[in-house]
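# A look at the structure
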Amino acid sequence: MRWHQAMERALYGTDGFFVSGAGPAAHFRTSVHASPVFAGALLRLIHHLDGVLGFPSVFDVVDVGAGRGELLRSLSVGVSGESARSGRSGLIPARAGSPETPTTTATVRPSPVNPLTITTGYDDSCASDLTVGGSVPLVERVRFTAVELAPRPDDLPEEIRWTDRIPAGVTGLLLATEWLDNVPLDLAVHSQHGWHYLLVDPTSGEETIGDPLSRADLDWLSTWWPSPLVPDSDSSTGSGFRATPTDRTPVPLERVEIGRTRDEAWADAVGHVERGLALAVDYGHLRAERPVDGTLTGYRAGRQVPPVPDGSCDVTAHVAMDSVASAGERVARCAYLLGAQRDGLRALGADGGRPPLSLAAGDPAGYVRALAAASAAAELTDPAGLGGHLWLWQPVGLSTDLLPAGCAGPIDTAAPS
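Residues numbered from 1 in each chain as written. Predicted model: local features only at pLDDT ≥ 70, side-chain atom pairs only at ≥ 80, totals over all residues. Heavy atoms only, no water.

### Notes on the pairing of strand E12 (residues 273-282)
Within a regular strand, the side chains alternate between the two sheet faces. Keep this limit in mind: Only protein chains enter the accessibility calculation, which uses a 1.4 Å probe. A residue is then buried if its area is under 20% of the maximum for its type, exposed if over 50%, and partly exposed in between. A run of H or I in DSSP counts as a helix once it spans at least four residues, and a run of E counts as a strand once it spans at least two, with each numbered from the N terminus. Strands are labelled as partners when DSSP assigns at least two bridges between them.
In terms of burial, E12 is a largely internal element, eight of the ten residues being buried. Relative to E12, strand E7 (residues 170-177) runs parallel, the two sharing eight bridges. Residue pairing for E12: Leu173 is matched across the bridge by Leu277. Pairing of E12 with strand E19 (residues 390-396), which is carried by seven bridges, proceeds in the antiparallel orientation. Within E19, the residue paired with Leu277 across the bridge is Pro395.

Structure, rendered in structure tokens:
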């Protein structure tokens, strides 16, 4: 079957990876699972948006691809102002099942090469008037919704709604943290007769060549993924490319990942936002630096494994973030920002900088807490790890200048000193 069909069944079928079992946290660490600093930064974003939107009567926080609700658990605790059980000032408090207890066996997915930041202009029609208000506390207006195909966890707080569909009319924040990389997609290879879909045996992962690409996928490919194929002087075909594969010959190295399904998924998600911000956080790449041979891989129990779509492992591929951003912008009709995770987190108060030593003399306990927070933030902003994420900020009914200042600053590609 084609790869997108195999991924759909392996990840989201009745016994799929994301539907059954212990959930993603048992297999790999995301920013959500790695540190409470991530949730703390998003909590600041929620308060910022609440003010920008004029303190709406209902403020939605929707998490698409919510796992087992780890992020919303932490955000709900943060909004409620529950005292920190761990005593760590400024951090989301410890709670059973929350992401501040990272999975010890899980690995961090690898980072792509550092891309350039894309920043578009904005249309004044997207601007929103600020309203002075907020007399009703956010905790009484916030509505948390987890969107996930897995059954609702038994211990999920009752204030978190659980659904398998993105709700319509979202006013507030729609989050998609490492969701798009698990939206099923097709893979293709080039032969002497043009581009063809790759077929995969879902039980073994063995690949063979399938039908020619559809017009829609060819159009996406020509627009968003420049051909990685290079002339091959040793080719026996005289065509300048490797020999044409037969049905059972090994698949050639040059392969591409067709992200059209991710574009459609993100456009649909953005279309559910009436007013506010849709924020996608994921490993990704841009058109000028698409990875040769793609990024498809698997994860199981903390280890990177071959991407066999049999339901036993995560099957994931990095996201063509500029293509996704363009699709979302067409729906929102408002400009977007695209930048590195470290810029987004720093704009939200998590910079990873070491606290001043002078604090140690005047407030030793506060210094220790600040040092712990800085250490956690440093992991989240490390470009070789979780800091390699890209953040796609898509406002709806707002202009980009109402987003946190510096949230998508230039990406520094210089080697660390």
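### Here we look at the nonpolar core
The line we're drawing: In plain words, nonpolar cores are sets of buried Ala, Val, Leu, Ile, Met, Phe, Trp, Tyr and Cys residues tied together by side-chain atoms within 4.5 Å. By the convention used here, residues are in contact when the closest approach between their heavy atoms is within 4.5 Å.
Of all hydrophobic cores here, the largest spans 41 residues; its most connected members are Leu75, Leu279 and Trp393. Of all the elements in the fold, those that place two or more residues in this core are helix H3 (36-52), strand E2 (59-64), helix H4 (70-80), strand E5 (142-147), strand E6 (160-163), E7, E12 and E19. Setting aside residues up to four positions removed in sequence, Leu75 forms contacts with Ala39, Leu42, Leu43, Ile46, Val61, Phe144 and Leu175. Grouped together as the second largest cluster of nonpolar side chains are 28 residues, Val273, Ala278, Ala280 and Leu390 included.

### As for the sheet that holds strand E8 (residues 186-191)
To keep it simple, the criterion reads: Here, axes are lines fitted to C-alpha atoms. For helices the fit covers the stretch in contact, and angles between N-to-C directions go from 0 to 180 degrees.
The four strands lie next to each other as E10-E9-E8-E11, forming an open sheet whose pairing is antiparallel. The open sheet has two edge strands with one neighbour each: strand E10 (207-212) and strand E11 (255-258). Direction aside, the axes of adjacent strands within the sheet are offset by 45 degrees on average. Examined bridge by bridge, E8 and strand E9 (residues 194-200) share four bridges and lie antiparallel to one another. Its bridge partner being in E9, Ala188 is matched across the sheet by Tyr197. The strands touched by helix H5 (residues 215-224) within the sheet are E8, E9 and E11, with E11 carrying the most contacts at an inclination of about 110 degrees.

### Digging into the confidence of the model for the chain
Under the convention used in this document: The pLDDT score gives, residue by residue, the confidence of the prediction method on a 0 to 100 scale.
Overall, the predicted model of the chain reaches an average pLDDT of 78, with 70% of residues at or above 70. A low-confidence stretch, residues 411-417 stays under pLDDT 50, and its non-local contacts, those more than four residues away or across chains, total eleven contacts.

### A closer look at unusual backbone geometry
Of note, the phi angle at Phe55 is positive, near 55 degrees, even though the residue is not glycine. Position of Phe55 among the secondary structure elements: in the loop between H3 and E2.

### What about the sheet that holds strand E15 (residues 303-305)?
The strand order across the open sheet formed by three strands is E15-E14-E16, and the pairing between neighbours is antiparallel. Each end of this open sheet is capped by a strand with a single partner; those strands are E15 and strand E16 (314-316). Ignoring strand direction, the axes of neighbouring strands in this sheet form an average angle of 35 degrees. Sheet topology places strand E14 (residues 297-300) next to E15; three bridges connect them, and they run antiparallel. Its bridge partner lying in E15, Gly298 is registered against Val305.

### Structural notes on the side chain of His389
Stated formally: Within 3.5 Å is the distance limit for a polar contact, defined as a pair of N or O atoms, with the added protein rule that one can donate a hydrogen and the other accept it, and that residues adjacent in sequence qualify only through two side-chain atoms.
Inspection of the secondary structure puts His389 in the loop between helix H10 (364-381) and E19. Residue His389 is classed as buried on the basis of its relative accessible area of 1%. Polar contacts involving the side chain of His389 include one to the side chain of Glu178, which spans 3.1 Å.

### Structural notes on the pattern of salt bridges
How we decide: By convention in these notes, a salt bridge is any Lys or Arg side-chain nitrogen within 4 Å of a carboxyl oxygen on Asp or Glu.
The final tally for this structure, using the stated rule, is nine salt bridges. Of the charged contacts, one joins Arg141 and Asp50 as a salt bridge, the two residues approaching to 2.7 Å between their closest N and O atoms. Note that Arg141 is positioned in the loop between strand E4 (118-119) and E5 and Asp50 in helix H3, a separation of 91 residues in sequence. The class for Arg141 is buried, based on a relative accessible area of 6%. Looking at Asp50, the relative accessible area reads 3%, which means it is buried. Note that Arg290 and Asp322 form a salt bridge whose closest N and O atoms lie 2.8 Å from each other. Taken as a pair, Arg290 in the loop between strand E13 (284-285) and E14 and Asp322 in helix H7 (residues 321-332) lie far apart in primary sequence, 32 residues in all.

### Brief notes about the packing of helix H6 (residues 260-271) against H7
Put simply, the test is: Throughout, a crossing is termed right-handed when the near helix is turned clockwise from the far one, and left-handed when it is turned anticlockwise from it by less than a right angle. Any residue that is not Ala, Val, Leu, Ile, Met, Phe, Trp, Tyr, Cys, Pro, Asp, Glu, Lys or Arg is counted as polar, Gly included; the first ten are nonpolar and the last four charged.
Relative to each other, H6 and H7 sit at 35 degrees, their axes nearing to 8 Å. Relative to H7, the crossing made by H6 is right-handed. Packed against H6, whose contacting residues are Arg262, Asp263, Trp266, Ala267, Val270 and Gly271, the element H7 presents Ser323, Val324, Ala327, Gly328, Val331 and Ala332 at the interface. Classifying every residue of the contact of H6 with H7 by side-chain character gives seven nonpolar, three polar and two charged.

### Quick word on the pairing of E10
Where E9 lies against E10, four bridges are found, and the strand directions are antiparallel. The residue of E10 that forms the bridge with His196 is Pro212. The antiparallel pairing of E9 with E10 creates a hairpin that spans six residues between the two strands, and Gly205 there sits at a positive phi of about 85 degrees.

### A look at the side chain of Asp314
Following the sequence through the fold, Asp314 ends up in strand E16. A polar contact of 2.7 Å, which involves the side chain of Asp314, links it to the side chain of Asn182.

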